[in-house]
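Working through the structure, step by step
Each chain, written out:
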Amino acid sequence: MKAKVDEGLCCGAGPCQEICPEVFKRIDGVSVVQVETVPSEVEKKCQEAMEECPTNAISLK
Ligand code: SF4
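The structure presented is a predicted model; accordingly, all values stated were derived computationally and were not measured.

Looking at the site of the ligand
Around the ligand, a shell composed of 13 residues is seen, among which Cys10, Gly14, Cys16, Cys53 and Thr55 lie nearest. Among the detected pockets, the ligand sits in the largest cavity. Residue composition of the shell around the ligand, by class: 8 nonpolar, 5 polar and no charged.

Written out as structure tokens, the structure reads:
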């Protein structure tokens, strides 16, 4: 699984970093994906982060 954040939609202060810090980190006011591929053990948390994102900035595939 790969994760992507649309920087144009990201408000920077959402829950993704709290829910899945293994993948999402705040850099220069936006959330940035830290990994090439989401580790299988955090896929569920990553999915939850996508669902909780208030601006639908996160996509997974
Ligand atoms: S939850 Fe969504 S809008 Fe908020 S920081 Fe994360 S990616 Fe950006």
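We are not done yet, so read on.
A few points about the environment of methionine 1
Within the secondary structure, methionine 1 is located in the segment before strand S1 (3-5). Through-space distance from the C-alpha of methionine 1 to that of glutamate 36 is 9.1 Å; in sequence the pair is 35 residues apart. Aside from chain neighbours lying at most four places away, what touches methionine 1 is Thr37, Val38, Glu43, Gln47, Leu60 and Lys61.

So, the nonpolar core
Counting 16 residues, the largest nonpolar core has Cys20, Val23, Phe24, Cys46, Ala49 and Ile58 as the members making the most contacts within it. The set of elements that each furnish at least two residues to this core consists of S1, helix H1 (16-19) and helix H2 (43-52). If we ignore the near neighbours within four places in the chain, the residues touching cysteine 20 are Val42, Lys45, Cys46 and Ala49.

Procedures and definitions
Residues numbered from 1 in each chain as written. Predicted model: local features only at pLDDT ≥ 70, side-chain atom pairs only at ≥ 80, totals over all residues. Heavy atoms only, no water. Near = heavy atom within 4 Å. 1 Å grid on protein atoms, 1.4 Å probe; cavity = no way out; pocket = protein on both sides within 12 Å on 5 of 7 lines; lining within 4 Å. Sits in = over half its atoms within 2 Å of the grid points. Nonpolar A, V, L, I, M, F, W, Y, C, P; charged D, E, K, R; others polar. Helix = DSSP H or I, 4+ residues; strand = E, 2+ residues; numbered from the N terminus. Contact = heavy atoms within 4.5 Å. Core = buried A, V, L, I, M, F, W, Y, C linked by side-chain atoms within 4.5 Å. Buried < 20%, exposed > 50% of the residue type's maximum accessible area, 1.4 Å probe, protein only.

Note that all results are geometric; they support no functional claim without further evidence.
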